[in-house]
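Here are the chains, one letter per residue:
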Amino acid sequence: MYTFNPTLYFITDSTGLSEEEFLYRVECALDGGATLIQLREKDRTTREYIHLAYKVHSIARRYNVPLIVDDRVDVALAVGTEGVHVGQTDMPVSIARKLMGPDRIVGATTKTVTQAVEAYEQGADYLGVGAIYPTTTKVKTVLTTTDTLRDICAAVPIPVNAIGGLNKTNLDVLTGIPIAGICVVSAIMKSDNPCKSAHDLLILSKQLQNSFKMENNALINQGMHQNVNKYLIKLIL
C-alpha cells in the first residue's frame, strides 16, 4: 500500500551515468529515506523512457514509494506508475487528470499564485514551486522568491514542495514557510554517499516542517493570551 508523502521528494537525473550506476543511486536514495520519487528524462526516446521507468518502478515498489513520471502521461500509463508531473509548458493539469483518472497522483510545477490556484482547480494533488536557487540540471529554471512560495502555500489547500538547487547547506531560507517537503536532484544524484545524503535531507525536511508547526503554535498561543488579557481588562473596567 502506497502512502503519498512528499517530505523528501527525490527527482532523478541520469546524465553521465551508466544504467547500472543510475539504478544503484536510485536504490540508495530510497534506502536512505526518499518518500517520493520522480523519474525525469528529458532526452530519451519513448521506448528508452519506458524501459527505464519499468526498472525504476520495480525498485520503488520494493520500498512502497510511489513513482511519478515527469511530463509523459503516456509513459506513466504504459508502465502503470502511481502518478505524473507536468510543467507549465506540458499537458494541462485538467487533461492529465482526465487521462490518469481520479486515483493516481497528478503534480504540477507552478511559479506564481495564479498558476498554483489554476493547477489546484484543475485537479493537481500537489505543487512543486521554484527554483529557489539556480540548478545544475539541464532543466531551464526561473528563480522563485520565498515570499512567492509562502503566498502559494497560503493560496491552495494541497501540499506544496520547494524545488531548485536545494541541499543540506541552504535549506534555512525555507524556515517558517509551511511547505510539505523539499524536492532534490543533485544533492542526492551527485553525492558521494547518496544513501546518507537522502537520510540527512529527510531529517532536515522534517525539522523544517516541525519548526513551522512550533512557530505557528506559538503564535496561536500568543493570540489566545492576548484575547484573554483583553477580556480581563474589559471585566475590570
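As a reminder, the structure under discussion sits directly above these lines.
Below is a summary of the structure that appears in this document.

About the thresholds
Residues numbered from 1 in each chain as written. Predicted model: local features only at pLDDT ≥ 70, side-chain atom pairs only at ≥ 80, totals over all residues. Heavy atoms only, no water. Helix = DSSP H or I, 4+ residues; strand = E, 2+ residues; numbered from the N terminus. Buried < 20%, exposed > 50% of the residue type's maximum accessible area, 1.4 Å probe, protein only. Contact = heavy atoms within 4.5 Å. Areas by Shrake-Rupley, 256 points an atom, 1.4 Å probe, with all protein chains shown as cover. Salt bridge = Lys/Arg side-chain N within 4 Å of Asp/Glu carboxyl O. Phe/Tyr/Trp six-rings, centres within 6.5 Å; stacked < 30°, edge-to-face > 60°.

Things to note about the overall build of the chain
- Scanning the chain for helices and strands turns up eight helices and eight strands.
- Expressed as a percentage of the 237 residues in the chain, the buried residues total 46%.
- A sequence separation of at least 24 residues applies to 62% of the contacts in the chain between residues at least 6 apart.
- Roughly 12200 Å² of accessible area belongs to the chain as shown, and the carbon and sulfur atoms make up 54% of that amount.

Overview of the environment of Pro 178
- Within the element layout of this structure, Pro 178 appears in the loop between strand 7 (160–163) and strand 8 (181–184).
- Given the relative accessible area of 33%, Pro 178 is considered partly exposed.
- Here Pro 178 is in contact with Cys 153 and Phe 212, once residues within four sequence places are set aside.

Side note on the pattern of salt bridges
- The full count for this structure, using the stated rule, is ten salt bridges.
- Among the ionic pairs, Asp 125 bridges to Arg 97, the shortest N-O distance being 2.5 Å. Of the two residues, Asp 125 sits in the loop between helix 5 (113–121) and strand 6 (126–129) while Arg 97 sits in helix 4 (residues 93–100), which places them 28 residues apart along the sequence.
- Accessibility expressed as a relative area gives 29% for Asp 125, which makes it partly exposed.
- Residue Arg 97 is classed as buried on the basis of its relative accessible area of 14%.
- Each of Lys 42, Asp 70 and Asp 71 takes part in one network of salt bridges that share partners.

So, the packing of aromatic side chains
- By the definition in use, this model includes two aromatic pairs.
- A ring pair is formed by Tyr 9 and Tyr 126, whose centres lie 5.6 Å apart and whose planes are at 70°; its orientation type is edge-to-face. Here the residue Tyr 9 occupies a position in strand 1 (residues 8–11), and Tyr 126 occupies one in strand 6, the gap between them amounting to 117 residues. In this pair, the class of Tyr 9 matches that of Tyr 126, namely buried.

Remember that the coordinates give geometry; whether it matters functionally is a separate question.
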